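Okay, here's what each chain looks like letter by letter:
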Amino acid sequence: MLPKGVLREAERRALRLHCISLRVRGAQSKDAAIITSMLQLRFTKFQIAVHLGSLIPFGVLIWDFFGDHLTANPIQEITSRTGKTALVLLVLSLACTPLSTVLGFHAALKVRRALGLYAFFYVCLHFLTFVGLDYGFDLELLREAIFEKRYALVGFAAFLTLIPLALTSTKASMKRLGKRWKALHKLVYLTAPLVIIHYLWLVKSDIRQPLLFGAIVALLLLLRLPTIRRVLKLPALRLPAFRKSRVKEEAQHESRLSA
Amino acid sequence: MVKIRSSEITPEHLFFSRRRFLKAGALAATSLALGACGPRATPASSGGEAETTTTAAGKTTDELGGALTPYEVVTNYNNYYEFTVDKEGVAPLAKDFPTSPWTVQVGGLVKNPKTYGVEDLLTKFTQEERIYRHRCVEGWSIVVPWQGFPLAGLLQEVEPTSDARFVRFETIYAPDQMPGQRDPWYNWPYIEGLRLDEAMNNLALLVTGLYGKTLLPQNGAPLRLAVPWKYGFKSIKAIVKIDLVAEMPISLWMAAASHEYGFYANVNPTVDHPRWSQATERRLGELGRRKTLMFNGYADEVAYLYEGMDLRANY
């Protein structure tokens, strides 16, 4: 039996070969890029940055909680902070696919699930703050607040749509559900507009920020439409510079390895 | 497109390290989130120094037994869009706002129009302390010991004519000093109004101070209104103009969203804001919610003003 380190080296070699053969076969550089980045680190710097970035708002929240920096109305502050963070992360998770298909930034695909799950994490905090801290789990008050107020109702609906997505985010679920997984995860195209409406309906008169987020979400969803994607896939609209440099980087990396 | 399932190419140890990472994060998160429910009953500021929660007269509660909101909270958590929409951002931005010299023009349909220096108002009208509940339309409330004098006294002096039916208040327009007024979204300056009989009610107070101290800019210095049976936005700040008029004034909030903010804006737990319930409120410094009282608990003093009126239509 081979010692552990040797096994890993063998795996790396196999992957490298697979990667090269992919490129020889003219496969999309996306796949090659993903494999290449896997060869280099367990987590790429980009992934680490995304994980840290996603956790920072939570760290700041905890810090501010224990340092009493959550204003005189801390429940309100926790609610709005967790909601805002969830919104931003959801938008970022929706941006991953277009970043890859339109701009060729394929590393984004590697953080899509993490961003989605972090968004769900903040949504859970947001929801728990509302039902627990704010309404003290008082079902009568909650029924009134959730079902009689449209902003709360759409927010609640958005939360519900995210639950199956979070539950089926594992690789095992992807395998088990096969094609249906993709169909199921298109539910997020419903979640995002619900979240925007939730935001739009809860602000006091000044709807500029919800509209800005709405515009971004609309753009990100439009970029998924086949017609628009066809147009954008024209070579002129992609960013060849980025792809070229990436391929060059990989080539250099390989030559270093083989040397 | 060539699709490779990443499970085929990701070495197992990579999977597991990632799983551990996520798990550890989630565990830390839940324990901290649960901890958030426990440690403190009063999360309001506790910077170490003693909080001011007693008036000069030694009072610590309103007539219903509600504790006074600490001075530090009242002076650091402010809804004052002329400065910023960030409630904690108001105090620092308002720090150097000039409140002297300051004049208040009282005119319109009156027999004796007059411009008062704010210092004249302080000496001319006896200042008294009133502990009022202040209920914001956003669903939070505070208890504040104001000093000031009844608006009725000022109105009696200028003698409204028989045509005068409403009082229109106007805030200073000073975009140089009030950065929020540079935002064109709102129709500055801030305008508010009362029906004349509401304005003559003894509860309607022109405020010059709180907790025995001179009013600070973030609370509407040098002169603001306090009409405690109405939502907070009716209590206009930094008043420079008071006019007696025949027609109902259109307030800034009515102009911004007339279906949400009406002229009367009486605190009423049975009439919901179109987007959120007004049945309950959170008293700052308390966890949980308390039931909102009709006319904010001042029904005995003001209910007569609205007899026979449909308060759902006149929100």
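All of the points below concern the structure found in this document. Just so we're clear, the structure is a prediction, and the values are computed from it rather than from any experiment.

What follows is about the overall build of chain A. If you tally the helices and strands in chain A, you get 13 helices and zero strands. Its helices and strands taken in sequence order, chain A reads α-α-α-α-α-α-α-α-α-α-α-α-α from the N to the C terminus. The buried share of chain A, reckoned over its 259 residues, is 29%.

Each regular strand displays side chains that alternate between the two surfaces of the sheet. All names here are of chain B. In terms of residue burial, strand S5 (residues 166-171) counts as a mostly covered element, since six of its six residues are buried. By the alternation rule, side chains of S5 split into Phe 166, Arg 168 and Glu 170 and Val 167, Phe 169 and Thr 171, which are all buried. Bridge analysis of S5 against strand S6 (residues 191-195) gives five bridges, and the strand direction is antiparallel. When the bridges of S6 are listed, Val 167 appears paired with Leu 194. In the sheet, S5 pairs with strand S10 (residues 239-245) via six bridges, with the strands oriented antiparallel. Looking at the pairing, Arg 168 lines up with Asp 243 of S10.

Moving on to the packing of helix H4 (residues 74-101) of chain A against helix H10 (residues 188-202) of chain A. Residues and elements named next belong to chain A. Two numbers describe how H4 lies on H10: the axes approach to 11 Å, and their chain directions differ by 145°. Judged by the sense of rotation from one axis to the other, the crossing of H4 with H10 is left-handed. Residues Leu 87, Leu 90 and Leu 94 of H4 touch H10, and the partners they reach there are Val 188, Ala 192, Val 195 and Tyr 199. Looking at side-chain class alone, the contact of H4 with H10 contains seven nonpolar, no polar and no charged residues.

As a further point, take the sheet that holds S5(B). All names here are of chain B. With mixed pairing, five strands are arranged side by side in an open sheet as S2-S1-S10-S5-S6. Either end of the sheet is taken by a strand with one partner, and the two such strands are strand S2 (114-117) and S6. Averaged over all adjacent pairs, the angle separating strand axes in this sheet is 15°, with direction ignored.

Turning to the nonpolar core, a few remarks are in order. Grouped together as the largest cluster of nonpolar side chains are 61 residues, with contacts concentrated most on B:Leu225 and B:Ile239. For this core, the element with the most residues is strand S4 (residues 140-150) of chain B, which contributes five residues. If we skip the residues at most four places from it in the chain, B:Leu225 touches B:Phe169, B:Leu206, B:Val207, B:Ser235, B:Ile236 and B:Ile239. Among the nonpolar cores identified, the runner-up in size contains 38 residues, and A:Leu115, A:Phe120, A:Phe121 and A:Val154 belong to it.

This next bit is on the environment of A:Ala158. Residues and elements named next belong to chain A. Considering the arrangement of structural elements, one finds Ala 158 in helix H7 (residues 150-167). Residues Ala 158 and His 198, 40 residues apart in the sequence, show an inter-C-alpha distance of 8.5 Å. Those residues in contact with Ala 158 that lie beyond four places of it in its chain are Thr 191, Leu 194, Val 195 and His 198.

This brings us to unusual backbone geometry. Residues and elements named next belong to chain B. Put simply, Trp 188 and Pro 189 share a cis peptide bond, and its omega is 0°. Tracing the chain through its elements places Pro 189 in the loop between S5 and S6. In this model, Ala 221 is joined to Pro 222 through a cis peptide bond whose omega is 5°. Among the secondary structure elements, Pro 222 is positioned in the loop between strand S8 (213-214) and strand S9 (224-226). At Ala 238, a residue that is not glycine, the phi angle is positive and equals roughly 45°. Mapped onto the secondary structure, Ala 238 falls in the loop between S9 and S10.

Basis of the calculations
- Residues numbered from 1 in each chain as written.
- Chains lettered and ligands numbered in written order.
- Predicted model: local features only at pLDDT ≥ 70, side-chain atom pairs only at ≥ 80, totals over all residues.
- Helix = DSSP H or I, 4+ residues; strand = E, 2+ residues; numbered from the N terminus.
- Buried ≥ 20, exposed ≤ 12 C-beta atoms within 10 Å, placed from the backbone.
- Pairing = 2+ DSSP bridges.
- Axes fitted to C-alpha atoms, helices over the stretch in contact; angles between N-to-C directions.
- Left-handed = near helix turned anticlockwise from the far one by under 90°.
- Contact = placed C-beta atoms within 7 Å.
- Nonpolar A, V, L, I, M, F, W, Y, C, P; charged D, E, K, R; others polar.
- Core = buried A, V, L, I, M, F, W, Y, C linked by C-beta atoms within 7 Å.

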